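So you can see what is in the structure, the chains are spelled out below.
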Amino acid sequence: MVAEAEPPAADAGAAGAARPPLLRLEGITKRFGELLANEAIDLELGAGEILALLGENGAGKTTLTNILFGHYEADAGRVLVADRSGRLSPLPAGRPEAALAAGIGMVHQHFALAHNLTGFENIVLGTEPWWRPRPARPGARRRIEALARRMGLEVELDRPVGRLGVGARQRIEILKTLYREARVLVLDEPTAVLTPQEAEGLFATVRALAADGRGVIFITHKLAEVEAVAERVVVLRQGRKVADRPLAGTGRTELARLMVGREVREPVRRPHPPGRPVLELEGVAAGSGRDRIEGLDLVLRAGEIVGIAGVSGNGQAALAALLAGLLRPERGRVHLDGSQTALSSPRAAVRAGVGRIPEDRERDGVVGELDLASNLALERLAAPETSRLGLLRRRAMRERARRAIEAWGIRAPGPDVPARLLSGGNMQKIVLARALEAGPRLVLADQPTRGLDVAATAFVHERLLEARERGAAILLISEDLDELLSLADRIGVLHRGRLAGPFASSALDVPTLGLLMAGHEAAVPTAGVAA
């Protein structure tokens, strides 16, 4: 049952009398079979406005933006875009090229850049006629440099993108949209791979874009970012718009309640003495290229959470693959419960008692075409409760899945539904149930809340803390620094494959972690170093 929509503030639906509209969505409705993704959604964005678009996983945000960009056609309603004279005209449905021509640009969380090309080449790619062998470099370069100066987006244009940091890559993505004269920008989870300092730089850029008369739609699950940059907020819940109001006077607690229809309580980490060492890494080297670990020493004890911070691509993937049984160390030793082990395969890792929560739940966590019951059984196919004499016990698998649906709050009609039809939050609950139900002694939690809404995030945090209380040793790899500070007992920082720390989390804060992530050794805390 859908909660009744709340009445919007008196001036919420309009972008403001002083702001001419750049974009208007009228009555957008979209169904996928029986699923109502969007219902009669109205939205307006004014010139110079920064609008935050919020909602739970599955609330309809992605469908709405796909309609805006022509990837989907709405069943009802229309999109209107202002031309240079300010006159609103309908945007042709289902035509991405029309959205680009109308001045709508999008910067995705996962950048769409050619790593072998320079920043300049990425920006102009696709804007020149195919028969011209080289772009009109002098004029294009002058224009890009002028845009970069005006918007605070300075970047090395002549360096291959693959050799640039993630903050620089994001600036190139934004310059790509501005070079194409975008006047409406949609930023989808734009800070997911940035350090706190880079995020602050992004916020300054967003404000500069608004000051230049552009409209910005900012999609994020981080409510602190909404408070930092947005002026107005639109909240979707179960496909319907339930709030459209100025941000002023609306706190985080109220925003969370609007998103999920109830109060969300974040679990609290309580003092808990750690036990014996469960995992010991001594001088471990593994991986290749930028994502490599070198000389890594780490001790993880029973009943504690050790967090790993770092900008994406600094060795986190190699560390996670090592513990998941996907990568063998080139040098060094890995001890599990005092015994040296290679964790030589995923099967060996599972048998050794490692509960695995992978970074990409859709690629590595679930098999989309398999049903919920099969996904829950994937790592225990040889167990007596799953198979007998080489044959799967489907009835027992379904019964286990029914119990998991109830115990883990998985929103699914039953155990036979394909995993691909579930929202991201419910996919993650399948992964959590499979990883934690067996009571693992070591838990690898790699970006466990990436892309999840506030309610799903609180649920994941609660289950990780419960596993800690039961005595599991948990390695939490996360780019969400607030998550690390709230959950982890100790935090280490990976930079170019080298680990600083771990340090007691009580000795750290977000700015210090951000400096360590950028490689500033002077930021190492003078107190709170934990063994």
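The rules behind the values
Residues numbered from 1 in each chain as written. Predicted model: local features only at pLDDT ≥ 70, side-chain atom pairs only at ≥ 80, totals over all residues. Heavy atoms only, no water. Helix = DSSP H or I, 4+ residues; strand = E, 2+ residues; numbered from the N terminus. Rg over C-alpha atoms; globule rule 2.2 N^0.38 Å. Buried < 20%, exposed > 50% of the residue type's maximum accessible area, 1.4 Å probe, protein only. Contact = heavy atoms within 4.5 Å. Lys, Arg positive; Asp, Glu negative; His and termini not counted. Charge placed at Lys NZ, Arg CZ, Asp CG, Glu CD. Patch = residues over 30% accessible without salt bridge, like charges linked within 9 Å, V, L, I, M, F, W, Y side chains within 5 Å. Areas by Shrake-Rupley, 256 points an atom, 1.4 Å probe, with all protein chains shown as cover. Salt bridge = Lys/Arg side-chain N within 4 Å of Asp/Glu carboxyl O. Expected span 1.5 Å × (residues − 1). Domains from an automatic or database assignment. Buried area = accessible area lost by both parts, 1.4 Å probe. Polar contact = N/O pair within 3.5 Å; in protein donor to acceptor, adjacent residues only side chain to side chain. Nonpolar A, V, L, I, M, F, W, Y, C, P; charged D, E, K, R; others polar. Pairing = 2+ DSSP bridges. Axes fitted to C-alpha atoms, helices over the stretch in contact; angles between N-to-C directions.

When you go through the chain residue by residue, the secondary structure sums to 17 helices and 22 strands. Taken over the C-alpha trace, the chain has a radius of gyration of 24 Å; the compact-globule value for 531 residues is 24 Å, and the two agree within 12%. Viewed in the frame of its principal axes, the chain has a C-alpha envelope of about 70 × 50 × 50 Å. The burial tally for the chain puts 52% of its 531 residues in the buried class. In the chain, 69% of the contacts between residues at least 6 apart in sequence involve partners at least 24 apart. Between the centroid of the 71 positive side chains of the chain and the centroid of its 66 negative side chains there is a distance of 4 Å.

Moving on to a nonpolar patch on the surface. Taken together, the side chains of F32, L35 and Y72 make up a nonpolar region of the molecular surface, amounting to roughly 280 Å² of accessible area. Mapped onto the elements, Y72 comes out in the loop between α1 (61-68) and β4 (76-82).

Between its first and last C-alpha atoms helix α14 (residues 424-436) spans 18 Å; for 13 residues at 1.5 Å apiece the expected length is 18 Å, and the two agree. Counting buried residues in α14 gives 13 out of 13 residues, a clear majority hidden from the surface.

Okay, the side chain of N375 next. Relative to the helices and strands, N375 is located in helix α12 (residues 372-377). In contact with N375, not counting residues within four places along its chain, are V366, V367, L370, A419, I430 and R434.

We now examine the domain arrangement of the chain. Assigned domains within the chain: domain 1 (49-72 + 94-260) and domain 2 (278-366 + 424-523). Inter-centroid distance (C-alpha atoms) of domain 1 to domain 2 is 29 Å. At the junction of the two partners, domain 1 supplies 19 residues and domain 2 supplies 19 residues. Carbon and sulfur atoms make up 59% of the surface buried where domain 1 meets domain 2, a total of about 1,400 Å² over both sides. Joining domain 1 to domain 2, the criterion identifies 0 salt bridges. At the junction of domain 1 with domain 2, the criterion picks out 0 residue pairs in polar contact (both at pLDDT 80 or more). Secondary structure elements with two or more residues in the side of domain 1 that touches domain 2: α5 (166-179), α6 (196-211) and α8 (252-260). No other element matches the 3 residues that α8 contributes to the side of domain 1 that touches domain 2. When its residues are assigned to classes, the side of domain 1 that touches domain 2 shows 9 nonpolar, 7 polar and 3 charged.

Our focus in this paragraph is the sheet that holds strand β5 (residues 88-90). As summarised here, the arrangement of the 4 strands in space is β2-β1-β4-β5, forming an open sheet in which the pairing is antiparallel. Here the strands that pair on one side only, and so sit at the sheet edges, are β2 (35-46) and β5. Between one strand and the next, the sheet's axes are offset by a mean angle of 20 degrees, whatever the strand orientation. Of the strands in this sheet, β1 (21-32), β2 and β4 are in contact with α1, which crosses β1 at around 120 degrees.

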